[in-house]
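Chain and residue survey
Listed below are the residues making up each chain.
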Amino acid sequence: KNPRCRIFGHFYNTLYQQWLGPLSGPDVEPFQLLEVGFYQGDGYEAFSKFMPQAEAHSIEVNIREALQNKQYEKMVEQGTIHIGDASSH
């Protein structure tokens with residue numbers, strides 16, 4: 001058991017394996033995934049590694065936090081990070 005998964009009392013790691021595990025295999029058809037709340041990108045990175053067939057995108061309202069991720073500029077170029085909120089559209 002990884003204590004880092006429970007810093008805030010969340011137990012998402014158990015739910016991810018249960019519900020998203022079937023999407024993590026190499027024989028899965030490619031699909032799109034939207035993560036809401038990029039923050040500094042740790043979750044996005046985990047999803048991308050856990051589900052390599054996913055075309056992963058993420059949306060974040062706080063660009064200052066997103067800029068902390070070393071891959072931010074690359075993600076902007078690829079169109080996989082989206083900054084804004086409902087007032088932006």
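Description of the structure in this document. Everything numeric here is computed off the predicted structure, so don't read it as measured data.

Moving on to the sheet that holds strand 2 (residues 54–60). The sheet built from three strands is open, its strands ordered 1-2-3 with parallel pairing. Here the strands that pair on one side only, and so sit at the sheet edges, are strand 1 (31–36) and strand 3 (81–83). Averaged over all neighbouring strand pairs, the angle between strand axes comes to 20°, with direction disregarded. Two elements, strand 1 and strand 2, share six bridges in a ladder whose sense is parallel. Residue pairing across strands places L34 opposite H57, the latter belonging to strand 2.

Moving on, we come to the nonpolar core. Judged by nonpolar contacts, the single largest core of 14 residues is most densely connected at F31, L33, F38 and M51. When contributions to this core are tallied by element, the ones reaching two or more residues are strand 1, helix 2 (42–50), strand 2 and helix 4 (72–78). Setting aside its immediate chain neighbours within four residues, F31 contacts L23, M51, Q53, A54 and E55.

Once that is clear, we can look at the side chain of N69. The topology assignment puts N69 in the loop between helix 3 (63–66) and helix 4. For N69, a relative accessible area of 14% puts it in the buried group. Within the structure, the side chain of N69 is placed 2.6 Å from the backbone nitrogen of Q71, a separation counted as a polar contact. When sequence neighbours within four positions are dropped, the list of residues in contact with N69 reads F38, Q40 and G41.

Before going further, it helps to spend a moment on the environment of A66. Inspection of the secondary structure assignment puts A66 in helix 3. Overall, A66 belongs to the buried group, its relative accessible area being 0%. With 25 residues separating them in the primary sequence, A66 and G41 have C-alpha atoms 6.9 Å apart.

Each pocket or cavity is described by its volume, and for the second largest pocket that value is around 210 Å³. Residue lining of the second largest pocket: F38, G41, Y44, E45, A56, N69, Q71, K74, M75, Q78 and T80, and that is the complete set. Looking at the lining of the second largest pocket, the elements that each hand over two or more residues are helix 2 and helix 4. Looking at the lining of the second largest pocket, the element that brings in the most residues is helix 4, giving three residues. Of the residues that constitute the lining of the second largest pocket, the class distribution is four nonpolar, five polar and two charged.

Reading guide: rules and limits
- Residues numbered from 1 in each chain as written.
- Predicted model: local features only at pLDDT ≥ 70, side-chain atom pairs only at ≥ 80, totals over all residues.
- Heavy atoms only, no water.
- Pairing = 2+ DSSP bridges.
- Helix = DSSP H or I, 4+ residues; strand = E, 2+ residues; numbered from the N terminus.
- Axes fitted to C-alpha atoms, helices over the stretch in contact; angles between N-to-C directions.
- Core = buried A, V, L, I, M, F, W, Y, C linked by side-chain atoms within 4.5 Å.
- Buried < 20%, exposed > 50% of the residue type's maximum accessible area, 1.4 Å probe, protein only.
- Contact = heavy atoms within 4.5 Å.
- Polar contact = N/O pair within 3.5 Å; in protein donor to acceptor, adjacent residues only side chain to side chain.
- 1 Å grid on protein atoms, 1.4 Å probe; cavity = no way out; pocket = protein on both sides within 12 Å on 5 of 7 lines; lining within 4 Å.
- Points joined across faces, edges and corners; volume = space filled by probe spheres on them.
- Nonpolar A, V, L, I, M, F, W, Y, C, P; charged D, E, K, R; others polar.

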